[in-house]
Amino acid sequence: MIRRGSRTGTRLFAVYSLASLAPVFVLGVVLVRGYQSQGLERGRDQGRAQAAVIEEMAIAPALSGADLSMGLSSAVRERLQSATDLAIFKGSVSQLKLLSLTGTVLFSDDGSVLGAASVTDPAFQAAAAGRTDVRIVQDAPNSADAIRVLQPVVAAADGQATGVLEVYLPYDAIAAKVQADTTRTVTRIVLALLGLYAVLALISWWTTRSLRRQAADHEHQALHDPLTGLPNRKLFRRAAETALARGRRGAPGALVLIDLDHFKEVNDTLGHQAGDELLRIVGQRLTESLRTDDTVARLGGDEFGLVLPLGGGRDETVALLIRVRAELAAEVVLGGVPLSVEASFGVCFYPSDGDTFEALLQHADSAMYQGKHGSTGVVVYDPATPHQATHSLVMQGALRGALERDELVLYYQPKVELETGRVGCVEALVRWQHPERGLMLPSEFLPVAERSELIEPLTSWVLRRALADHAAWTAAGHDWTVAVNVSTRNLGSLTFADTVEAILREAGARPERLHLEVTETALAFDTGMAGQVVGALAAQGIAMSIDDFGIGYTSLSQMRTLNVSEVKIDRTFVSGLPGNEQDRVIVRSVINLGHSLGCQVTAEGVESQDVADWLLDAGCDHAQGYLWSMPLPWAEVARSFGSASGAVLPAAATTGAPTPTGFESERATR
Ligand code: C2E
Ligand code: MG
Ligand code: MG
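Residues numbered from 1 in each chain as written. Chains lettered and ligands numbered in written order. Predicted model: local features only at pLDDT ≥ 70, side-chain atom pairs only at ≥ 80, totals over all residues. Heavy atoms only, no water.

Take the coordination of the magnesium ion (ligand 2) next. Binding of the magnesium ion (ligand 2) to the protein goes through Glu427 (OE), Asn485 (OD1), Glu517 (OE) and Asp547 (OD), at separations of 2.1 to 2.2 Å. When the donor residues of the magnesium ion (ligand 2) are listed from N- to C-terminus, their spacing reads E-x57-N-x31-E-x29-D. Between the magnesium ion (ligand 2) and the magnesium ion (ligand 3), the interatomic distance is 4.1 Å, and Asp547 donates to each metal, bridging them. Pair noted here: Glu427 is in strand E14 (residues 423-434) and Asn485 is in strand E16 (residues 481-486), with a separation of 58 residues, a long-range link. We classify Glu427 as buried; its relative accessible area is 4%. By relative accessible area, Asn485 is classed as partly exposed at 29%. (Donors = N, O, S within 2.8 Å, 3.2 Å for Na, K, Ca; no water. Helix = DSSP H or I, 4+ residues; strand = E, 2+ residues; numbered from the N terminus. Buried < 20%, exposed > 50% of the residue type's maximum accessible area, 1.4 Å probe, protein only.)

Structure representation (C-alpha cells):
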C-alpha cells in the first residue's frame, strides 16, 4: 500500500516537474525574444541619434540656409564634402546623400546619384514631412547590414524640412555589440531560470513527499485501531479477502473471531481506562503469540479477529489457538486487581467453510457463540450445528437497513402511581420487527448499536416516534407523558442536548412532556461530560431519571450534583421483595435517599400485588412491571388503561388489584 502510495507520489512529482518546466521555458523564450527586439531598438536609436548629429553638426552648417529647391552651389558642395569626408573616411558613415524634397540627389559622398531613396518611398515621404525614419537593411550598398536613416534637413530657423538626408550607418559593430549583450543576458536569464526551475522542483519534491507521508498517515489511521494499533475491521476484511483468494488457489487457512468474556464487567467496575488497558494487553499478547504472517485485528469493542494461513494442518492450527488462549489467560493486574482474561475463540477454515468474507465471518461467529455457551474456549465451526447470525458486523448492516426500512417499533410500558393506580407516564421500549426472526428485544440488537455510531440515528428515531405517538395519544385524550431511554454513548457529546431540542421543536412538543432515562452505569465512571449533558437537558425542562439504580456505582457526591428528578430502582432488588431482608433494607434506603434529594422514586419489575403493597407502604411513588402490563403498542395500552378522560387503571382504581395485561403479545417473544 505504501509502495503504491510512493509510486503515485513519484508520478505526481514527475507531472509537477514537467508542468512547471513548461512555464519556465515559455518565460525564457519570451524574455530572450524581448531582449533581442530591445537590441534592435537600441541599434535603431543609435542610428537615429547619429544621423541627427550629422544633420545638425555637419550638413545644416554647411548648407548655411541654402535653398535646396534651387540646387547647390559648388561652394556649398565643397563645404558639404569637407564636412562629411572625415566621417566617411573613418567609416562611421557608409554612405550619405542629400536629396531635395522632389527627390533630386543634390549631394552624394561618392558623387553617385544612383540608389537614392525615391519620392514614392514612404520613408522618404515621412522624412520630407519632418519625421525621421530608421530601419535596419540587409542589402545596403557597401555593406551587408546597415542602419538606413532618412532624416529631414532643417537648414533654416523656421524649422521646416527643406530636404532629406539619406544616411547609411554601418550596423556590423552595433550588431556585434547587441549580439554580445544578448548572449550575456540570455546566459544570465537561462541560469536564473534554471535556478528557478531547480527551486520549483525542490518545492514540488518536498510537497509531494509530505503529501505522500500525510496520505500514508491517513491510510494508516483509516485502517488501524487507534487504541491497540492493530489493523481495524476494514483492513481485517481486506486481509481476509486476500487470504480467501489465495485459499481458492490452493493455500487454505483459518479465520478466527475472539470475544473477551466479562469485558463489560471490567469496564463497569474498574472504569474505561482499565478496560482500554486490558484491550491493549490482549492485542499485544495475541500479536506476540502468533506468527508474523498471521493477521491480528481489533474488530471493535472486545472483539478481535485473526487470519491464519495454514502453516501445518487444521489440528496444528487448533493446537496453536488453544496455546494462544492459554497465554491470553495469564494473570494481569488492572487498577490493583489481578484478573485472568478469558476469551471465546470461533474458528472456521477457508475456503471449505465459506466462499465469501461474510459467510466466513458468520460461521466463525456462530462457532464463537457456541464457545461462549460451552466449556471449551476454542470451537471449530461445524455446519451440522444450527447457528444464528449474531455477529456485530452482520447485525450492524442489518440494523442500518432496519432503520432505513422503518422496521423498528416502539412498545410502551405504563408507569403507575402506587397511591392512586393512575398512569401518568409511559416508557418507550424499542423492538425490532425482524422479517425473519420476528419481534426482537433490545438486548439482541442494542449492544451492537451502542458499539457503533448507529446509536445516534437509533435514539433520534426513538425520540421522533415516541413524540409522534405522544401527539397521537394526546389527541385521543390521554395525558401521559413519555419516557425515552438514552444510551451512555448519547451522553458523550453536548450536541445530544441540541439534537433533543431540535426534535422537540420539530414535533411541536413541550419539553415537560418528555422524560429521559439514563442508566446509572452511564454516570458512574463519567468524567464530566455525561453530567453536563444531563444538566443541559434538565435546563431545557426535560425530566431526567436515573434508570436501573442500585447496580451501578454512582457516588453520593455525584447524586448530589446530578440534575435528576427521578430514581428508578433496578428490578434485581424488587424481585426479592417482600421476603428478602437485605432487599427490603436496600429498597427502603433508596426510597429515602431519593426523597431526600427531592426525587420521585419508581420501582421497576413489579410482578406481584404483594410487592406493590409493600412498596406503597415503604413510601415508593411509582412502579412498573408485569403486574400491570408488559410493554405494548400504545393503542393497546390505551385500550387497557383508563378511559380517555381519566386515564385511570380500572382495577387498581377501585380494588387496588390491577389487572395484569399484555402478557400474551410479548411473552411469546421472550
Ligand atoms: P429499562 O429501561 O430498565 O426497561 C425495563 C426493562 O424491564 C424492559 O425490558 C421491560 O420489558 C422489562 N420489564 C418491565 N417490567 C418487568 C417485570 O415485571 N419483570 C421483568 N422481568 N422485566 C420487566 P426491555 O424492553 O427488554 O428493555 C431492556 C432495556 O433496553 C431497557 O431497560 C433499556 O435500558 C433498554 N432500552 C429499551 N428501549 C430502549 C431505547 O429505545 N433506547 C435505549 N437506549 N435503550 C433502550
Ligand atoms: Mg428505562
Ligand atoms: Mg430499568
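The next subject is the site of ligand 1. Around ligand 1 sit 23 residues in total, of which Arg431, Asp547, Arg571, Glu607 and Tyr626 are the nearest. A distance of 2.8 Å separates an oxygen atom of ligand 1 from a polar side-chain atom of Arg431. At 3.3 Å from a nitrogen atom of ligand 1 is found a side-chain nitrogen or oxygen belonging to Ser487. Here ligand 1, which alone exposes 790 Å², has 86% of that area covered by the protein. Only E14, helix H11 (442-451), E16 and strand E18 (543-549) provide two or more residues apiece to the shell around ligand 1. No other element matches E14, which puts four residues into the shell around ligand 1. By residue class, the composition of the shell around ligand 1 is nine nonpolar, five polar and nine charged. (Near = heavy atom within 4 Å. Polar contact = N/O pair within 3.5 Å; in protein donor to acceptor, adjacent residues only side chain to side chain. Areas by Shrake-Rupley, 256 points an atom, 1.4 Å probe, with all protein chains shown as cover. Nonpolar A, V, L, I, M, F, W, Y, C, P; charged D, E, K, R; others polar.)

What follows concerns the confidence of the model for the protein chain. Confidence along the protein chain averages 84 in pLDDT terms, with 90% of residues attaining 70 or more. Segment residues 644-665: pLDDT under 50, and 52 contacts once partners within four positions in sequence are set aside and those in other chains are kept. (pLDDT = per-residue confidence, 0-100. Contact = heavy atoms within 4.5 Å.)

Another point: the pairing of strand E13 (residues 408-417). The two faces of a sheet get side chains in turn, since along a regular strand they alternate between them. When you tally the buried positions in E13, you get eight out of 10 residues, the bulk of the element. Strand direction decides the pairing type here: E13 and E14, joined by nine bridges, are antiparallel. Along E14, the bridge assignment pairs Tyr411 with Leu429. Hairpin remark: E13 followed by E14, antiparallel, with five residues in the connecting loop; positive phi at Gly421, about 80 degrees. With two bridges connecting them, E13 and strand E21 (residues 622-623) associate as antiparallel partners. In the strand pairing of E21, Glu417 is matched with His622. (Pairing = 2+ DSSP bridges.)

Protein-derived coordination of the magnesium ion (ligand 3) comes from Asp547 (OD), Asp548 (OD), Glu604 (OE) and Glu604 (OE), at a distance range of 2.0 to 2.7 Å. Donor residues for the magnesium ion (ligand 3) sit on one chain with the sequence pattern D-D-x55-E. Its relative accessible area of 5% is what places Asp547 among the buried residues. For Asp548, a relative accessible area of 21% puts it in the partly exposed group.

Below, the discussion takes up the packing of helix H18 (residues 581-596) against helix H19 (residues 609-618). Where H18 contacts H19, the axes come no closer than 10 Å and their chain directions differ by 45 degrees. The angle between H18 and H19 places the two elements in the oblique class. Relative to H19, the crossing made by H18 is right-handed. On H19, the residues that touch Arg584, Val587, Arg588 and Ile591 of H18 are Trp614, Leu615 and Ala618. Considering only residue class, the contact of H18 with H19 consists of five nonpolar, no polar and two charged. (Axes fitted to C-alpha atoms, helices over the stretch in contact; angles between N-to-C directions. Parallel < 35°, antiparallel > 145°, perpendicular 65-115°, else oblique. Left-handed = near helix turned anticlockwise from the far one by under 90°.)

Glancing now at the packing of aromatic side chains. In the structure shown here, the tally under the stated rule is five aromatic pairs. Summarising the aromatic geometry, the rings of Trp432 and Phe445 are spaced 5.7 Å apart at their centres and angled 90 degrees between planes, so their arrangement reads as edge-to-face. You can see Trp432 sitting in strand E14 and its partner Phe445 sitting in helix H11, a full 13 residues away along the chain. A single burial state applies to Trp432 and to Phe445, both of which are buried. (Phe/Tyr/Trp six-rings, centres within 6.5 Å; stacked < 30°, edge-to-face > 60°.)

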